[in-house]
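Per-entry structural report
Below are the chains, spelled out letter by letter.
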Amino acid sequence: MKTIGIIEFGRFGKLATRHLAMDFDVKVATLQNDAAAISACGATPASMETVCGQDMVILCVPISTLREVLTRITPFLKPGAIVADVCSVKVFPVRWMQEILPPYVSILPTHPMFGPDSAADSLVGRKIVLCPDRIDEDRFLHIRKWLEEKGLVVIRATAEDHDEKIAVSLSLTHFIGRSLSAFGARELDIDTEGYKRLMHILGVVSHDTWQLFEDMHRYNPCAKPARQKFIDAMTGIHERLC
């Protein structure tokens, strides 16, 4: 694998481009006028057709647009290419890629569990989940090796196992953070270590878009049951105090 195409150049797309361009010839397609920023990351601005003709194509798009993007890129993918997504849920992306992408391309669903804020200085120690679906083991291991050489902690999982665990570790955490924001939580001079930890959760979600928050709940079949279980537990504790 020598060339990589990246579709869209949002916050994570920029981060991915910057790191991948250190070792690969990277081409980026975006609807925005970001040619200068793409070049500054060491990559080349290109058309959608050109980007889809690379050895690996990484879709840095929201899950709410993924089906549409998959349909759009299919005619331009070359045989043997690897298609990866970076969505924070995995069951639906895997299903859609299996249904839409041609059989002559490989599929590697991923979830980088970091972003421009948490990985601003380094990738070392950050986690990334890989859910190999339709890819030769040798190619998968080659990609895994490169990621580990960058200092990433690679977790191999099924899409189902990923979504079950991420419904608690990500979706529920963001639900609590958004709830704290709606409650009006703010820094206080009279505080506790526990409250400071709550404010940390609020800070973690404050830079993410509502679309990301909504998508991680809407497209994860495990998110609503986990959320409801938490609400029931909280309600039960509240009622015991009344």
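Preceding this section is the structure that the text describes.
The rules we used
- Residues numbered from 1 in each chain as written.
- Predicted model: local features only at pLDDT ≥ 70, side-chain atom pairs only at ≥ 80, totals over all residues.
- Heavy atoms only, no water.
- Phe/Tyr/Trp six-rings, centres within 6.5 Å; stacked < 30°, edge-to-face > 60°.
- Helix = DSSP H or I, 4+ residues; strand = E, 2+ residues; numbered from the N terminus.
- Core = buried A, V, L, I, M, F, W, Y, C linked by side-chain atoms within 4.5 Å.
- Buried < 20%, exposed > 50% of the residue type's maximum accessible area, 1.4 Å probe, protein only.
- Contact = heavy atoms within 4.5 Å.
- Pairing = 2+ DSSP bridges.
- Axes fitted to C-alpha atoms, helices over the stretch in contact; angles between N-to-C directions.
- Salt bridge = Lys/Arg side-chain N within 4 Å of Asp/Glu carboxyl O.

Summed over all chains, the structure comprises six aromatic pairs. Seen from their ring centres, Trp96 and Tyr219 are 6.0 Å apart, and the 80° between their planes marks the pair as edge-to-face. Here the residue Trp96 occupies a position in helix 5 (residues 91-100), and Tyr219 occupies one in the loop between helix 9 (210-218) and helix 10 (223-241), the gap between them amounting to 123 residues.

This part takes up the nonpolar core. Among the nonpolar cores identified, the biggest contains 32 residues, and Ile6, Leu20, Val26 and Leu108 are the most heavily contacted of them. Contributing elements (two or more residues each) for this core: strand 1 (3-7), helix 1 (11-20), strand 2 (25-29), strand 4 (56-59), strand 5 (82-85), strand 7 (127-130) and helix 6 (137-149). In this structure, Leu20 is in contact with Ile4, Ile6, Val26, Ile58 and Trp146, ignoring residues within four places of it in sequence. By size, the runner-up hydrophobic cluster in this structure holds 24 residues, among which are Met48, Ile63, Leu70 and Ala81.

Right, let's talk about the sheet that holds strand 1 for a bit. Strands in a sheet are paired, the pairing made by backbone hydrogen bonds, and the direction either parallel or antiparallel. If you trace the eight strands from one edge of the open sheet to the other, you get 3-2-1-4-5-6-7-8, paired in mixed fashion. Lying at the two open borders of the sheet, with one neighbouring strand each, are strand 3 (44-45) and strand 8 (153-156). Relative to strand 3, strand 2 is paired through two bridges, and the arrangement is parallel. Opposite Val28, over in strand 3, you have Pro45 as the bridge partner. Relative to strand 4, helix 4 (residues 66-73) is tilted by about 155°, and along the sheet it contacts strand 1 and strand 4.

Along the chain, Val205 turns up in helix 8 (residues 193-206). In the structure, Val205 is positioned 31 residues away from His174 in sequence and 6.0 Å away in space, judged by C-alpha atoms. Beyond its immediate chain neighbours, meaning those up to four positions away, Val205 contacts Thr173, His174, Gly177 and Arg178.

Here we take up the pattern of salt bridges. Using the criterion set out here, one finds 12 salt bridges in the structure. Between Arg156 and Glu137 there is a salt bridge; the shortest N-O distance is 3.0 Å. Placement of the pair is Arg156 in strand 8 and Glu137 in helix 6, with a sequence separation of 19 residues. Glu137 gets classed as partly exposed once you look at its relative accessible area, which sits at 37%. Across the salt bridge formed by Arg218 and Glu214, the nearest N and O atoms sit 3.0 Å from each other. Here Glu214 and Arg218 lie together in helix 9, a separation of four residues that amounts to about one turn. Arg218 gets classed as exposed once you look at its relative accessible area, which sits at 53%.

Take it as geometry only, folks, not as evidence of what the structure does.
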